[in-house]
Structure formats: C-alpha cells, structure tokens
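Spelled out, the chains give:
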Amino acid sequence: MQKLPGFTGRGWSHGKAIPQKNALTLARQLLQDSKAPGILGLTLVTVEAVTAAVKLAQQLSVWLSPWPPDPIRFWGHHAPDLALSRAELEQAADLVLYLGFENGVDAVQPRHRQRHLSRGPGLQRRQMDIRWSPSERYQNTIHLRLHLERQAPLTTELKKVAEAIISSRCVQLFFNAQLAQDDPHYVEQWQHLAAHQRKHRRMGVSLLGSTGKARTITETLTWLTGYPGPLHFSTNMIRYLPHVGEVDQLIQLNALDTILWLGTRPTHAVKNVKQIVIAADPPHEVEVALEVPGLHPSLDAHLVRGDGVMLRLAGINPGQADPMAQLLTSLMEGQP
Amino acid sequence: MRERLILRGGQVYDPANGVNGQTHDVYVHNGQIVAAFDQKLADKVIDIQGMVVMPGGVDMHCHIAGPAVNRVRRLLPGHVAQGQLLNSAILTGQKYAALGYTTAIEAAVAATAARQAHFEMQDTPNLDKGFLLLLGNHEQVLQTLTKNDANQLRDLVAALLHRTGAFGIKIVNPGCVANWQRHGGNPLGVDSIDTPLGSGTLTPRSILTQLADVAQALKLPHPIHVHANRLGVPGNIDITLQTLAALQGRRHHLTHVQFHAYGKDNGAITSAAKRLMDHINSHPETTCDVGQVMFGPAVTVTEDSPLEYLLWQLTGQRWVNLDVELESGCGMLPFEFKDKSTLHAWQWAIGLELFLLAIDPWRVVLSTDHPNGASFLAYPKIIALLMDANLRQEELKRLPETVREKTLLRELKREYSLNDITIITRAGPARILGLSHKGQLGIGADADITVYAPQQNREVMFSSPRFVFKAGQIIVEEGHLRSSMAGTTMACTTPLEATGERLLKQWFTEKGSYAYDQFGVTPRHREMLKPVTR
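Residues numbered from 1 in each chain as written. Chains lettered and ligands numbered in written order. Predicted model: local features only at pLDDT ≥ 70, side-chain atom pairs only at ≥ 80, totals over all residues.

1. What to know about the overall build of chain A
Rules: Strands here mean DSSP runs of E at least two residues long; helices mean DSSP runs of H or I at least four residues long; both are numbered from the N terminus. Note on burial: count the other C-beta atoms lying within 10 Å of the residue's C-beta; 20 or more is buried, 12 or fewer is exposed, in between is partly exposed, and C-beta positions come from the backbone. Whether two residues are in contact depends on their C-beta atoms, placed from the backbone: they are in contact if these lie within 7 Å.
For chain A, the count of helices and strands is 14 helices and 13 strands. A total of 336 residues make up chain A; the buried ones form 42% of that total. Residue pairs in contact within chain A that sit at least 24 positions apart in sequence constitute 73% of those at least 6 positions apart.

Laid out in structure tokens, this is it:
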C-alpha cells in the first residue's frame with residue numbers, strides 16, 4: 001500500500017457494502033446536486049462504455065476527459081518530430097535503449113526484434129536496458145540531461161548511459177507503453193532530452209507494447225465527437241481542449257465539484273470534490289465516497305476511506321451487455 | 001417504417017426506370033417503393049407538386065470511417081471545429097443526409113482496421129454504408145500472387161473479405177506502396193505497369209489482372225476499384241492508359257480519374273482528359289469516378305504513403321505516415337487547392353473536362369474523393385458548374401492565363417440535365433456498386449428519396465433539399481434534421497473456404513502482432529451486416 005503525494009488522510013480502510021440500488025441512488029443524487037460535475041478516466045473501458053459516457057456527458061452538459069492521459073494521445077503531440085523511420089532504424093540506429101521493460105522487452109512484444117530491428121549491412125549496434133526505480137527515474141533523467149547538455153558530473157551507472165549516447169550517431173529509444181501510461185511526465189522528460197540531443201545526433205523515441213485498450217478511448221471519442229478529448233458539452237457546440245493536461249488545471253482550480261471516475265482510480269489526491277468511481281477491473285464495483293483523499297495507483301488496488309461506501313455489483317451479468325455501459329445508462333435515469 | 005406514404009405530384013427523375021421528369025406519385029410502404037395503392041390506405045400524403053424527386057444520393061468513393069480518418073481528425077482539430085472537411089461520425093451522417101445522400105462507401109480500409117471501421121460506420125447515421133478492403137499492397141496477398149495459384153488466391157481473398165465484412169476490393173498504387181516501404185527508392189514508383197517490383201517477378205500488371213479475375217470469380221457486386229500508379233504526377237496518363245489496357249475485357253472501376261489524367265509539356269502538367277475519356281467512352285467495361293478538386297482546404301488521406309511523402313516534401317506540412325501491419329501504407333497531410341496555382345487550376349479544369357467529355361454518364365460518377373479533392377459538401381457547387389456553362393466561364397476567369405488559354409472548358413458548352421445529374425449522383429454509382437435496390441425508384445427499391453424545390457441557382461437547390469426520406473421515413477425537412485436512422489452496413493457475400501481460413505490463421509501466427517480472434521468484424525457486427533450479391 002502506498003500513499004500518493006498530496007495524500008492527507010490518516011489511513012486506509014475498505015468501504016462498506018450497501019445494496020446496488022442504494023449506491024446508484026446515491027450516485028445519481030451526487031450528480032444531480034452537483035453544479036459542476038465532470039466525467040474523467042475512461043481507461044480500460046469498452047467502446048460501448050465510452051459511447052454511454054458521451055451520452056451521459058451530453059445529458060449532464062459536463063466535462064468528459066480521458067485521464068490519466070492516454071499515451072497514444074499524449075504521443076501525438078510529439079510523434080511527428082521524434083519518430084525515426086523504419087529505414088532509419090534499419091540502416092542507421094547504432095544504439096537502442098529500452099525503458100521500463102522490467103521483464104525484458106520479449107515479455108511485452110515477442111517479435112519486436114524481427115519487426116523493428118532488422119539491421120543494415122555493416123551496422124554495429126548496441127542495446128541497453130534501463131531499469132530505474134520509480135523513486136530515481138526523474139532525478140536520473142535530469143542528471144543525464146544536464147550532463148549531456150552541460151557536462152555536469154554523473155554517477156558511474158549513469159555515465160555508462162551517457163557515454164553510450166555520446167558515442168552513437170543514431171539512437172532509438174523504446175518506451176514501455178504501459179509505463180508511458182502510468183507516468184507520462186517521465187516520457188516527456190525523455191522527449192525533451194531527445195529533442196536536445198537532435199542537435200548532435202539522430203534520436204528517436206517510440207512506444208512499444210501498448211495494450212490497445214487505451215486506444216479504444218481515443219478512437220471512440222474521436223469518431224463520436226470529432227475530438228479525442230478533453231471535451232465540454234455545455235452548449236450545442238462541443239468545446240475541445242487541445243492539451244489533455246488542461247484537465248489537471250480544472251481539478252486544481254476546483255472547477256469541478258463532483259467527479260465520476262470511469263474505469264480508473266484517481267491518480268492523485270483531489271480535495272473537496274465529491275467522487276464516484278466505477279471500476280473496470282472485475283468484479284465491477286461502484287464506490288461512492290464523500291471524499292476520496294488518495295488511492296493506490298495500481299489498477300488492482302481497491303481502497304476507499306472508511307467514510308465511503310463500496311458495492312460489488314454481482315447482479316450484472318457481464319455476458320449480456322457491457323456492465324459499465326449498463327451502469328452509466330442507469331445513472332442517466334432520473335437526471336434532468 | 002411500416003406506414004404507408006404517398007408523395008403526390010412530384011417531377012420524378014428515375015433514369016434507371018426510364019423516367020425523365022414526368023409527373024407521377026411515389027408510393028412507399030415498409031421502407032420500400034411499392035405499386036400504387038388506394039389513397040384511403042395511406043397514413044400520410046405529402047403534396048410535392050412542382051418539386052423535383054430523385055432517389056437518395058450514392059457517394060461511391062469517400063473517406064468517412066476507420067483509423068485513418070480518425071487520425072486526420074486528431075491531426076486537424078481546427079478543421080473538425082469548422083465542420084466543413086472533417087466531422088465526427090454522427091455529424092458526417094447528418095450532413096450527408098442534409099445534402100440528400102443516403103448511401104456512402106468508405107473507399108480504403110486495411111484489414112486490421114476493419115473492426116474499428118465497422119464500429120464507426122455503425123455510429124454514422126442516415127447512411128447505408130460499406131467499405132473497400134485494401135489488397136493491392138497486402139503482403140500475404142502479394143506473396144500469394146507470385147505463386148500463380150488462382151485457387152489459393154481466390155480462397156485467401158474470399159477469407160479476407162469474409163473475415164473483415166468488406167464490400168469490395170480496393171487496389172491503391174498497385175504494389176508500389178509495399179515496394180517503397182520495403183525497399184525505399186523513388187517514391188514516384190514505376191513508370192510502366194510491367195516494371196518488376198523489387199527483385200521479384202511481381203508487377204503492377206499481375207496484381208491488377210489477377211485481382212480483377214478474383215473479383216470476377218467471386219462474383220463480387222462491385223469490380224476491383226483501382227487507384228492507379230503515379231497519382232498526381234505530370235505525364236501519368238501513359239501509365240493510366242496502360243492500366244486500362246491491361247484490364248481490357250475485365251470489369252473494373254478506375255477511381256478519382258482526375259488525378260490520373262495528366263499530360264506533360266516541358267515538365268509541366270497539361271490536360272490529358274480527352275485521351276483518357278476517349279478510352280473510357282469506347283470501353284464499356286470501364287467505369288470511373290472523377291475526384292473533382294475544388295479550391296479551398298482539403299486533406300489528403302490515402303494508402304498511397306509514397307505519394308504522401310512527396311507531398312510532404314513539397315509542402316513541408318505537418319503530416320503522418322504509417323504502415324499498417326504488413327497490409328498497407330497510410331498517409332495524411334493537410335492541403336489547400338488555390339485558384340492562383342497553375343497546377344491546382346489544371347486539376348480543377350481537368351475534372352470538369354472529364355465530366356463534359358463523357359459520352360455515357362452511367363459510367364462517370366461524381367466524387368471529390370472526400371476529403372482529398374474537397375469535402376462532399378462541395379457537391380452542389382460541382383453540380384451547378386456541370387449544369388451551367390456560363391457559370392464555368394465565370395469561374396474560369398479566376399484561373400491563371402495558361403490554364404484559361406489551354407483548357408477544353410472554353411469550348412465545352414455542354415450542360416448536364418437533371419436526368420444526367422441523377423445518373424452521376426445516384427443511378428450510375430448504384431449500378432456500378434451492384435446495388436440494385438439503390439439509385440432508383442422502381443417497385444422494390446429502398447425508399448431513399450430526395451425532394452428538391454426547383455431553383456435557378458442549382459447550388460442552392462442541391463444544398464438544401466425540401467425533404468429527404470430514408471427507408472420511407474422523413475429524416476430531413478427544409479434543411480432541418482427531423483430524425484436519425486441507423487442505416488445498414490453492406491458487405492459482399494464470399495464463401496469462407498477452409499483453405500482461405502487456414503492461410504489467414506497461419507499468417508497471423510507467424511506475422512501478426514495480435515491474435516487472429518481479434519481480427520475482423522465482431523460477431524455482433526456480423527449479425528447486422530446486410531449481404532449484397534451480384
């Protein structure tokens with residue numbers, strides 16, 4: 001169990017089970033009473049659930065946004081500048097770095113080498129697996145970047161990475177897509193590093209091993225609304241925020257008084273906001289809490305402070321229709 | 001829609017049934033056109049005296065669904081906000097309906113993208129839809145082509161069409177996309193359809209002819225749909241005519257021909273519309289859609305990734321270029337056609353020349369290759385240009401002198417009639433697609449009907465139909481959406497032979513980056529597919 005930065009609660013405890021009907025009534029009431037609700041999350045959800053979420057957002061005239069940022073979406077801001085072509089990889093990449101593949105890249109994508117790393121004649125290529133713990137990631141990347149840009153001193157381990165980069169003409173960096181989803185800012189740091197290194201050498205950054213589930217949100221939201229989100233449905237025209245990080249500002253500025261989390265848990269503490277969480281991982285659960293001070297970032301954790309309530313929705317048959325879509329449809333009933 | 005409806009006193013244009021502006025009533029029951037019945041039995045009688053009645057429009061070549069279209073939306077949110085070129089799936093269906101169009105075919109979907117395309121099409125209302133499957137650069141198909149085993153190729157293509165729930169076969173820049181992705185080299189590709197691709201024996205000719213034979217053997221409703229080699233390159237008329245000659249005697253559809261009808265004079269583009277149309281006019285097995293360019297913003301979105309690479313080099317625009325598994329390329333790039341550009345002005349003029357030189361309008365279809373040449377929302381303007389020689393001359397004045405002086409438009413005084421317009425926007429594309437229930441108002445046809453109030457200004461007239469009916473239900477009235485219908489997704493019916501399935505599974509096991517079970521149309525969507533047979 002891990003407390004997140006910003007967590008101010010005194011402890012964790014499991015919620016209290018209440019009947020499904022009561023939980024839905026409470027959730028509906030929270031949404032009805034809210035002046036500025038928002039629907040966030042949408043990770044690990046189906047096309048049907050995204051469709052139902054759009055309908056609910058339209059009905060409530062509220063914000064709807066993927067959160068945390070979908071790595072493919074996030075990637076879109078930088079991909080045109082930072083991707084190496086397949087030909088470049090084959091003919092020029094003399095260093096390949098792997099980030100976030102704790103069990104090796106083969107465990108994530110077994111045919112990765114055949115698919116991406118055929119090698120041009122005469123090309124000598126090195127590979128490095130970088131496995132830094134969450135607590136040292138940011139610091140290491142910053143130190144590495146400072147060293148590469150300004151020759152700042154480095155530890156021996158980091159020196160090896162720095163020397164490998166400096167002695168290469170073309171560097172390809174593969175990022176574990178799951179890590180990118182969990183920690184997009186870490187990817188951003190490497191993107192900055194790569195952008196700077198491009199003054200001296202070719203350097204490309206790519207994601208590897210996406211589960212494809214994040215793609216569902218981006219694709220579905222885009223064809224349903226024209227945009228990948230964040231979106232606001234307060235008027236006839238859909239308002240679109242070009243940068244997904246702006247939703248973070250909405251939360252920080254207390255622009256939302258109630259958040260319905262779909263398929264995900266809040267990734268950081270949100271104070272003074274009423275919350276409803278519909279989890280994606282089975283068994284499907286509704287959590288209604290007056291306050292959710294902080295949650296474990298791992299998707300399989302299920303923790304709510306004692307003053308919240310939690311319900312296992314055993315009554316919904318996953319074989320019949322998407323359970324999350326059913327829940328959202330239930331929430332729509334009784335809304336203005 | 002079970003109610004009985006009578007549309008009373010309209011001026012009907014139904015060229016498939018030889019009706020050319022005569023006044024008669026149209027009877028609808030159960031979503032279909034039916035024989036006359038007693039007015040007392042009617043649930044609704046709508047008086048449309050003096051109005052023009054046509055079948056619902058059929059757009060046989062557009063890009064409205066699938067990951068490529070979605071990626072363009074993400075690339076250009078500003079265009080989405082403007083709502084002209086790019087729209088959500090829902091708005092796309094609504095805007096087509098508002099123009100009187102009720103059928104649209106997505107022209108390019110890679111096999112891997114089929115599942116998503118079905119989801120998207122399901123969310124595109126008011127249209128009956130289908131998509132063409134990209135096979136002209138599909139690695140497994142190309143490998144099978146080299147074996148010269150017609151039965152194996154037929155079984156593989158049948159399995160791919162079946163598994164993906166596709167409507168027909170699309171061939172883009174035959175073989176050259178795969179060749180460029182694999183070997184690089186000149187993105188212009190081959191200058192003859194007999195040039196071997198890479199080090200093998202495969203040529204564009206062998207791809208075209210063998211896949212045309214497969215389409216014939218499988219009795220697909222629509223023949224192969226060909227985007228020829230060297231799109232947009234000055235002098236490409238030679239390879240276009242080679243392509244047509246190679247396919248002589250086999251049914252085929254050449255798409256966005258405007259982009260393939262260029263001559264060359266000292267390296268600069270000239271019109272070869274006459275040369276191309278002379279061939280098409282004398283070969284009944286050839287059909288085409290024009291891919292008319294209109295001045296203003298556009299977005300190029302195509303499987304032809306070497307072409308996109310060239311456009312990126314020319315424009316420096318922010319772009320996307322991908323390869324999709326081992327199935328196809330894919331590229332997108334925002335573009336603007338400018339009337340002051342000689343090249344763009346030629347493209348505009350060549351498109352209109354092709355329309356006006358066509359002897360048989362049944363084989364020449366209106367398209368803009370939405371959103372490549374322009375949005376489908378430009379159709380009313382194009383119709384106005386075809387129906388009014390004076391308007392064309394006025395527009396010509398905007399163009400650079402070189403084009404004004406040399407284009408055939410100066411001499412072409414032909415004006416399309418309402419009957420001709422009905423053919424190139426409805427009856428013709430429906431027939432070419434093999435949709436016997438579309439593009440006509442005979443008994444048993446789908447009751448997809450558009451009613452226009454006649455106006456001198458044809459652009460205004462075709463921009464805002466008085467009524468649009470989908471399966472007999474009013475969906476648009478006076479430019480306002482009255483209701484929305486889901487529409488169907490149409491697919492060809494091909495047998496799933498054990499050999500084809502085995503080949504596909506084996507390929508996925510060896511090369512695929514995801515499981516075979518995840519490939520193609522979902523069981524839920526398959527149940528909803530409407531089979532179309534020839």
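2. Some thoughts on the overall build of chain B
To keep things clear, this is the line we draw: Here the radius of gyration uses the C-alpha set of atoms, whereas the globule reference equals 2.2 Å times the residue count to the power 0.38.
Across its full length, chain B holds 19 helices and 24 strands. Over its C-alpha trace chain B gives a radius of gyration of 22 Å, about what one expects of a compact globule, namely 24 Å for 534 residues. Looking at chain B as a whole, 58% of its 534 residues are labelled buried. Once local pairs closer than 6 in sequence are excluded, the contacts in chain B between residues at least 24 apart make up 78%.

3. A few points about the environment of B:Gly165
Residues and elements named next belong to chain B. By the secondary structure assignment, Gly-165 is in the loop between helix H6 (150-164) and strand S9 (168-172). Spatially, the C-alpha atom of Gly-165 lies 20 Å from that of His-437, the residues being 272 residues apart in sequence. Apart from the residues within four sequence positions on either side, Gly-165 is in contact with Ala-114, His-118, Ala-491, Gly-520, Val-521, His-525, Arg-526 and Leu-529.

4. A closer look at the confidence of the model for chain B
As a reminder, the rule being used: pLDDT measures how confident the predictor is about each residue, on a scale from 0 to 100.
Scored by pLDDT, chain B has a mean of 94; 100% of the residues are at 70 or more. For this predicted complex, the interface score ipTM comes out at 0.87, while the overall pTM is 0.84.

5. Points about the confidence of the model for chain A
Residues with a pLDDT of 70 or more make up 68% of chain A, whose mean pLDDT is 73. In this model, residues 1-15 of chain A is a region of pLDDT below 50 whose contacts with residues beyond four sequence positions or in other chains number 30 contacts.

6. Some points on helix H4 (residues 114-122) of chain B
Of all nine residues in H4(B), nine are buried, a share of seventy percent or more. Along H4(B), the residues that are buried comprise B:Ala114, B:Arg115, B:Gln116, B:Ala117, B:His118, B:Phe119, B:Glu120, B:Met121 and B:Gln122.

7. Digging into the interface of chain A and chain B
Interfaces are often sized by the amount of accessible area the parts lose when they come together. Where we set the bar: Only Asp, Glu, Lys and Arg are considered charged, only Ala, Val, Leu, Ile, Met, Phe, Trp, Tyr, Cys and Pro nonpolar, and every remaining residue, Gly among them, polar.
Facing the 15 residues of chain A at the interface are 20 residues of chain B. No other element matches the five residues that helix H12 (residues 213-225) of chain A contributes to the side of chain A that touches chain B. Looking at the side of chain A that touches chain B, its residues break down into nine nonpolar, four polar and two charged.

8. A look at the nonpolar core
Selection rule: A set of buried Ala, Val, Leu, Ile, Met, Phe, Trp, Tyr and Cys residues, joined through C-beta atoms within 7 Å, is what we mean by a nonpolar core.
With 216 residues, the main nonpolar core has A:Ala53, B:Leu133 and B:Leu354 as its most contacted residues. Not counting residues up to four positions away in its chain, the partners in contact with B:Leu133 are B:Val109, B:Ala111, B:Leu160, B:Leu161, B:Thr164, B:Ala166, B:Ile169 and B:Lys170. A:Leu144, A:Leu179, A:Trp190 and A:Leu207 belong to the second largest nonpolar core, which has 30 residues in total.

9. A short note on the environment of B:Leu311
Residues and elements named next belong to chain B. Relative to the elements of secondary structure, Leu-311 occurs in helix H11 (residues 305-315). Through-space distance from the C-alpha of Leu-311 to that of Pro-334 is 9.6 Å; in sequence the pair is 23 residues apart. Non-local contacts of Leu-311, meaning those with residues more than four positions away in its chain, are made with Thr-300, Leu-333 and Phe-335.

10. Observations concerning helix H8 (residues 134-150) of chain A
Three- or four-residue spacings in an α-helix give side chains the same orientation, since the helix completes a turn every 3.6 residues. All names here are of chain A. The criterion, for reference: For a helix, the expected span equals 1.5 Å multiplied by the number of residues minus one.
Taking 1.5 Å as the rise per residue, H8 with 17 residues should run 24 Å; its terminal C-alpha atoms sit 25 Å apart, in good agreement. Listed in full, the buried residues belonging to H8 are Thr-141, Leu-144 and His-147. Of the residues one or two after H8, Gln-151 is the one with positive phi, at around 60°.

11. A few points about the sheet that holds strand S16 (residues 320-324) of chain B
All names here are of chain B. Using the following cut-off: Strands were regarded as paired on the criterion that DSSP finds at least two bridges between them. Angular values range over 0 to 180 degrees, each being the angle between N-to-C directions of two axes fitted as lines to C-alpha atoms, with helices fitted over their stretch in contact.
Spatially, S15-S17-S16 is the arrangement adopted by the three strands of the open sheet, whose pairing is antiparallel. Edge strands, defined here as strands with exactly one partner in the open sheet, are strand S15 (296-302) and S16. Neighbour to neighbour, the strand axes of the sheet diverge by 15° on average, direction disregarded. When S16 meets strand S17 (residues 328-337), the two strands line up antiparallel, connected through five bridges. Counterpart to Asn-321 in the pairing with S17 is Gly-331. In the packing of helix H1 (residues 67-75) onto the sheet, the strands contacted are S15, S16 and S17, and the crossing angle to S17 comes to about 40°.

12. Brief notes about the sheet that holds strand S6 (residues 170-176) of chain A
Residue and element names in this part refer to chain A. Taking strand neighbours across the sheet as the criterion, the four strands line up as S5-S4-S6-S7 in an open arrangement whose pairing is parallel. Two strands close off the open sheet at either side, each with one partner strand: strand S5 (126-130) and strand S7 (202-208). Going from strand to strand, the sheet's axes swing by 20° on average, the running direction of each strand aside. Sheet topology places strand S4 (residues 95-99) next to S6; five bridges connect them, and they run parallel. In the strand pairing of S6, Leu-99 is matched with Phe-175. Packing against the sheet, helix H9 (residues 156-166) makes contact with S4, S5 and S6, and its axis sits at approximately 145° to S5. In the packing of helix H11 (residues 184-197) onto the sheet, contacts are made with S4, S6 and S7, and the angle to S7 comes to roughly 155°.

13. Quick look at the pairing of S6(A)
Residue and element names in this part refer to chain A. Within S6, six of the seven residues are buried, leaving the element largely enclosed by the surrounding structure. Looking at chain direction, S6 and S7 are connected through seven bridges and run parallel. Within S7, the position partnered with Cys-170 by the bridge is Arg-202.

14. What to know about the packing of helix H10 (residues 273-281) of chain B against helix H12 (residues 342-357) of chain B
Residues and elements named next belong to chain B. Note the cut-off: Whether a crossing is left-handed or right-handed is set by the direction in which the near helix is turned from the far one by less than a right angle, anticlockwise for left-handed and clockwise for right-handed.
Their axes nearest at 9 Å, the elements H10 and H12 cross at an angle of 35°. The way H10 lies across H12 gives a crossing that is right-handed. Here H10 contributes Ala-273, Lys-274, Leu-276 and Met-277 to the contact with H12, which in turn contributes Ile-350, Glu-353, Leu-354 and Leu-357. Considered class by class, the residues forming the contact of H10 with H12 number six nonpolar, no polar and two charged.

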